[in-house]
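Residue strings, one per chain:
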Amino acid sequence: MSAFSAIGEEREIDRNEYTPEIEPQPTWCPGCGDFGVLKALKGALPEVGRTPEETLLVTGIGCSGKLNSYLDSYGFHTIHGRSLPVARAAKLANPGVEVVAAGGDGDGYGIGGNHFMHTARENHDMTYIVFNNEIFGLTKGQTSPTSPKGHKSKTQPHGSAKTPIRPLSLSLTSGASFVARTAAVNPNQAQRILKEAMEHDGFAHIDFLTQCPTWNKDAKQYVPYTDINESDDYDFDPTNRADAQELMRETEDKLYEGEVLTGVYYREDDRPSYQQEKQEIGEMPDEPLAERYFDGDYEWERSYDNFIDKHK
Amino acid sequence: MSADELIWRIAGGSGDGIASTSQNFAKALMRSGLHVFTHRHYPSRIRGGHTYVEVRASADPVKSRGDGYNFLLALGDSFARNPQDEAYYGNEEAKPLAENLDELREGGVIVYDSGLLDPSEVPNFEERVEENDWHVYDIDLRSLAREQGREVMRNTAGVGVTCAITGIPLEAIEELMRDAMPEKILEPNLEIMQTGYDLVREEYDVDAPDVSVPSGEHDEEQVLMSGSDAIAYGAIDEGCRFIAGYPMTPWTEVFTIMSQNLPELGGISEQVEDEIAAAALAIGASHMGVKAMSGSSGGGFALMGEPLGLAEMTETPLVLIEAMRAGPSTGMPTKPEQADLEHVLYTSQGDSQRVVLAPGTVAEAYEASRRAFQLAYEYQIPTMIVYDQKLSGELTNVPASHFDREPNGDIGMTLTEDELADQPHTADGKFHRFQHEGENGVSPRSVPGQKAGRYLATGNEHNPAGHISEDPDNRVAQMDRRQRKLDAIRADLDDDGLLVEHGPEEADYGILTFGSQQGTVEEAVDRLNENGTSVKALTVAELAPYPVDAVRSFLDSVDEALVVEMNASAQFRGLTQKELGTHGEMLSSLLKYNGNPFEPAEIVEGFTTKLVDGGELPGNETKFVPAAGD
């Protein structure tokens, strides 16, 4: 029997199981988009068939980092920008666990930008949600990597001279095999995309637009959204990389004006995940590594038996 | 040359196979029954640039590089003949000969490759040879190698010549080459070695008594190991099956050994984008219940300060290796120093709960590695091993039986599902990961995927259930609990005998040191006692928690003590004075920070000058620092 009986358990899962019983109320502001992410996640996890005890939610720092305080699964609230390397190793150590990483736009595209690029290129099998509200919220309203050019804040009083990051294009170029954008004000779409992302076998990046009613009142989170997967105006095939790239470029060029396009932009179904690639070349065990430490009968190899001869 | 010991130095250009040749040579000497010890000197360049390795061999145990050396094999630097390099580094062609003469002992042997080296480019060569009574063999190793194989095999020719001069049987080397080389290059290498051997036997009178090696015998089978090998094997034996890292000299050695061996053992190695990620990955794997490690050297370790603190706060077991090299910044990448001590002890914010071990020898490096994992997983605390470029790369013989131990896959206070279901660990139907109870400060943990164990690990202060909390009472209770671990660990370590005392039980003077200087200090202590000075040494192998009582009683037992360390700011002495809060007035420092480790004679001289004669040392390579209160 597995040491982890919660993994792969098949039963009806009630979304309320993810709600902590005796928890502090969320510290997010009224009207915050983060509530939308929490709600969508609570909806998607049962749909994917994942119980709270086989789910690990790894977060960074910031308002978004508190997500796992309000979702009663296993959780690891790490440090600013570092959710991905922690999550990657967790997945490698025990691939049976559903690993979801989450953080904000400063966390994920700023301080954690390097990890984002490398996690995407390696195509680790996990879901990564970036709460994009185009502002640093918890430190009280500074310009973030996704803030529009000219954005004024306490730390950039003359308006930002920087062109904002293009999360979708960056993700695709880096090698993510699933790239999507959704928004907290679109709960049904958000839940659908999260479910697809978790079912995807590879690195699934979701740029999740979350309105910040306190520090970023003017942001475009309040404009109408169009779902590219459902709108008749877009006859869009998310498995076509060139089309995805083109549409990303277009929408990211005019992100701060008019219509915002959401939906699954890109999905590469036949690419093996990093874990599979690693297994293929013989650098990843077939059985979850973590199992071994709970197996009383496992015979641990010794350096003496394996390597000492070459030193004699 | 005395028959007590052979110190053979092979010098040449970086990239010319100096390291592999010397390793085979050392192993052959070890197999013949001798005790060996190697010292590696190399520049931070891939090809070209002066490099040498010393192999010291003696019938008695050897603990350091020794003083000077008595046999030079000077090969040409095949990469020195590049006009661009020459413009940048100056003419390096004569360096393998010119750079190595100062430390060659009187009566020593010089073999140089006359195909590549011109002694007329070495200032006063003939005069110095005469003055020092050196025996010179000029042999065109380059042509010899070129005629029978490839030019690069001239180091093998040099080994053949060495064997002829010293009387080492060629069979010993041949056997090793057969193990190490593919058939295609083995034959020409063997031929070249034989030719070099025959040439010397035919053309020189090599039965002279001053060119021989000692003979010895081991009681039991020996293995040739470096500090990095020992750390890697200790980790493997302790059940570590996950490593993440980023290459940086000299940490790369442990990382490489682990990466090459882990897949075979069903483990995982990850080379990642930076050191922050590397430490964070190790935390991620450990969080899942896997024994994991990471590490780096100075600059890379600086990036790990942040995840290190996360491991402390979330009480995730973690083993980090810090292989020191000369700093600040990138400093001297291939030169040893012990100046990252304070960096390792104090990096990361907040009141810190961590363990720092500092092995002093190759054999101890294996113990320290195993102990680091035991402490990390038993106490859910980051444990670091700090050592340096010297210990990482030096090879020495250790009894093979030292490594013949039972493996250990135990992950300490991690509950099984059955234990989780059987609740003292739960309150209000919820697993309390960070409960305040526990005399030794440890709260049992669960891992993701287990039934009934879910909790939040967070780098923020948290309550017993894992929720973020700024409640003052909880804060104090959690901090006190984490601090309690250190008392328990200190008690554990006291039983471990991690302090090594050397010399007579009763002595007038003491020498205090840590890490890779242990062997050198011990040799110096033996010589001082032979010369009639009463002195003993203490090597401290646990730096945090610091063994206050043991060091205090050592210092109480002597009148004065010298603290020997390889840095410019007396960091180890500073730590000792801080922890003891007393005894500062009886300590003086002997410091070296020119990129080379101490030789025993330097310690003897420094000790005598300062403590016995009360004087000052000349020169700027080693210096004294007055003790506080002096």
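Procedures and definitions
- Residues numbered from 1 in each chain as written.
- Chains lettered and ligands numbered in written order.
- Predicted model: local features only at pLDDT ≥ 70, side-chain atom pairs only at ≥ 80, totals over all residues.
- Heavy atoms only, no water.
- UniProt positions renumbered as here; feature names shortened; annotations may be inferred.
- Contact = heavy atoms within 4.5 Å.
- Buried area = accessible area lost by both parts, 1.4 Å probe.
- Salt bridge = Lys/Arg side-chain N within 4 Å of Asp/Glu carboxyl O.
- Polar contact = N/O pair within 3.5 Å; in protein donor to acceptor, adjacent residues only side chain to side chain.
- Helix = DSSP H or I, 4+ residues; strand = E, 2+ residues; numbered from the N terminus.
- Axes fitted to C-alpha atoms, helices over the stretch in contact; angles between N-to-C directions.
- Left-handed = near helix turned anticlockwise from the far one by under 90°.
- Nonpolar A, V, L, I, M, F, W, Y, C, P; charged D, E, K, R; others polar.
- Pairing = 2+ DSSP bridges.
- Core = buried A, V, L, I, M, F, W, Y, C linked by side-chain atoms within 4.5 Å.
- Buried < 20%, exposed > 50% of the residue type's maximum accessible area, 1.4 Å probe, protein only.

As named in an unreviewed UniProt entry, chain B is 2-oxoglutarate synthase subunit KorA, taken from Halobaculum magnesiiphilum. The annotation that UniProt attaches to chain B under Subunit (unreviewed entry) is "Heterotetramer of the KorA, KorB, KorC and KorD subunits." For the record of chain B, the UniProt heading Catalytic activity (unreviewed entry) holds the text "2 oxidized [2Fe-2S]-[ferredoxin] + 2-oxoglutarate + CoA = succinyl-CoA + 2 reduced [2Fe-2S]-[ferredoxin] + CO2 + H(+)".

Under the annotation held in an unreviewed UniProt entry, chain A carries the name 2-ketoglutarate ferredoxin oxidoreductase subunit beta and is attributed to Halobaculum magnesiiphilum. Turning to chain A, the UniProt annotation filed under Cofactor (unreviewed entry) states: "[4Fe-4S] cluster".

Enquirer: Is there a simple way to explain the interface of chain B and chain A in this structure?
Expert: One frequent convention defines the size of an interface as the accessible area lost when the parts assemble. Listed by partner, the interface residues are 75 residues for chain B and 63 residues for chain A. Each partner contributes to the roughly 5,900 Å² buried at the junction of chain B and chain A, and carbon and sulfur atoms together form 58% of this total. Taken as a group, B:Glu273, B:Met288 and B:Arg454 account for 13% of the area that chain B buries against chain A, more than any other trio of residues on that side. Inspection of the region where chain B meets chain A yields ten salt bridges. Of the charged contacts, one joins B:Lys451 and A:Glu9 as a salt bridge, the two residues approaching to 3.0 Å between their closest N and O atoms. Put simply, chain B and chain A have 37 residue pairs in polar contact (both at pLDDT 80 or more) between them. Of all the elements in the fold, those that place two or more residues in the side of chain B that touches chain A are α1 (18-31), β7 (222-226), α9 (227-237), β9 (268-271), α11 (275-287), α13 (305-314) and β17 (456-458) of chain B.

Enquirer: What is the right way to look at the environment of B:Ile173 in this model?
Expert: With respect to the helices and strands, the residue B:Ile173 is situated in helix α7 (residues 170-180). On a C-alpha basis, the gap between B:Ile173 and B:Ala537 in space is 38 Å, while along the polypeptide they are 364 residues apart.

Enquirer: So what exactly am I meant to see when it comes to the packing of helix α5 (residues 141-148) of chain B against helix α6 (residues 154-166) of chain B here?
Expert: The relative placement of two packed helices is expressed as an angle between their axes plus a distance between the axes. All names here are of chain B. Their axes nearest at 8 Å, the elements α5 and α6 cross at an angle of 115 degrees. Considering the relative orientation of α5 and α6, their crossing is right-handed. Of the residues in α6, those touching α5 at Leu 141, Arg 142, Leu 144 and Ala 145 are Arg 154, Ala 157, Gly 158 and Val 161. Residue composition of the contact of α5 with α6, by class: five nonpolar, one polar and two charged.

Enquirer: Looking at this model, I keep getting lost on the sheet that holds strand β5 (residues 178-183) of chain A. Mind explaining?
Expert: Within a beta sheet, neighbouring strands are joined by backbone hydrogen bonds and run either parallel or antiparallel to one another. An order of β7(A)-β8(A)-β5(A)-β6(A)-β4(A)-β3(A)-β1(A)-β2(A)-β17(B) is seen for the nine strands of this open sheet, with the pairing classed as mixed. Each end of this open sheet is capped by a strand with a single partner; those strands are β7 (225-227) of chain A together with β17 of chain B. The average angle at which neighbouring strand axes cross in this sheet is 20 degrees, direction not considered. Taken together, the seven bridges between strand β4 (residues 126-132) of chain A and strand β6 (residues 203-209) of chain A define a ladder with parallel strand orientation. Looking at the pairing, A:Val130 lines up with A:Asp207 of β6(A). Contacts from helix α5 (residues 167-174) of chain A reach β4, β5, β6 and β8 (260-267) of chain A, with the element oriented near 165 degrees to β5(A). Together, β3 (98-104), β4, β5, β6, β7 and β8 of chain A form the strand contacts of helix α6 (residues 187-199) of chain A, whose direction differs from that of β5(A) by roughly 160 degrees.

Enquirer: Hey, could you run me through the nonpolar core in this one?
Expert: One recurring pattern in soluble globular proteins: nonpolar side chains tend to sit buried together. Formed by 149 residues in total, the largest nonpolar core has its most connected members in B:Phe242, B:Met258, B:Met293, B:Phe403, B:Leu543 and B:Phe572. If one sorts the elements of this core by residue count, helix α15 (residues 362-379) of chain B sits on top with nine residues. Among residues more than four places away in sequence, those in contact with B:Phe403 are A:Tyr304, A:Ile308, B:Val223, B:Met225, B:Ala230, B:Asp237, B:Tyr366 and B:Val398. If you look at the next biggest cluster of nonpolar residues, it comprises 45 residues, including B:Phe71, B:Ile165, B:Met177 and B:Ile192.

Enquirer: What am I meant to see in the sheet that holds strand β12 (residues 355-357) of chain B here?
Expert: All names here are of chain B. Taking strand neighbours across the sheet as the criterion, the seven strands line up as β9-β8-β10-β11-β13-β12-β21 in an open arrangement whose pairing is mixed. Of all strands in the sheet, those with a lone pairing partner are β9 and β21 (542-544), marking the two edges. On average, adjacent strands in this sheet sit at an angle of 20 degrees to one another, irrespective of strand direction. As paired strands, strand β8 (residues 242-245) and β9 are joined by four bridges and run parallel to one another. In the sheet register, Ile 243 faces β9, and the bridge partner there is Ser 269. α11 contacts β8, β9, β10 (292-296) and β11 (318-324) of the sheet and is inclined by roughly 165 degrees relative to β10. Sitting on the sheet, α13 touches β11 and β13 (382-388), and the angle it makes with β13 is about 145 degrees.

Enquirer: Would you mind showing me how to read the side chain of B:Thr51 here?
Expert: Residue and element names in this part refer to chain B. In this fold, Thr 51 is placed in strand β3 (residues 50-58). On the accessibility criterion, Thr 51 (6% relative accessible area) is buried. At 2.8 Å, the side chain of Thr 51 forms a polar contact with the backbone oxygen of His 41. Ignoring sequence-local partners within four residues, the contact set of Thr 51 consists of Ile 10, Ala 11, Gly 12, Gly 13, Ser 14, Ile 18, His 41, Tyr 42 and Pro 43.

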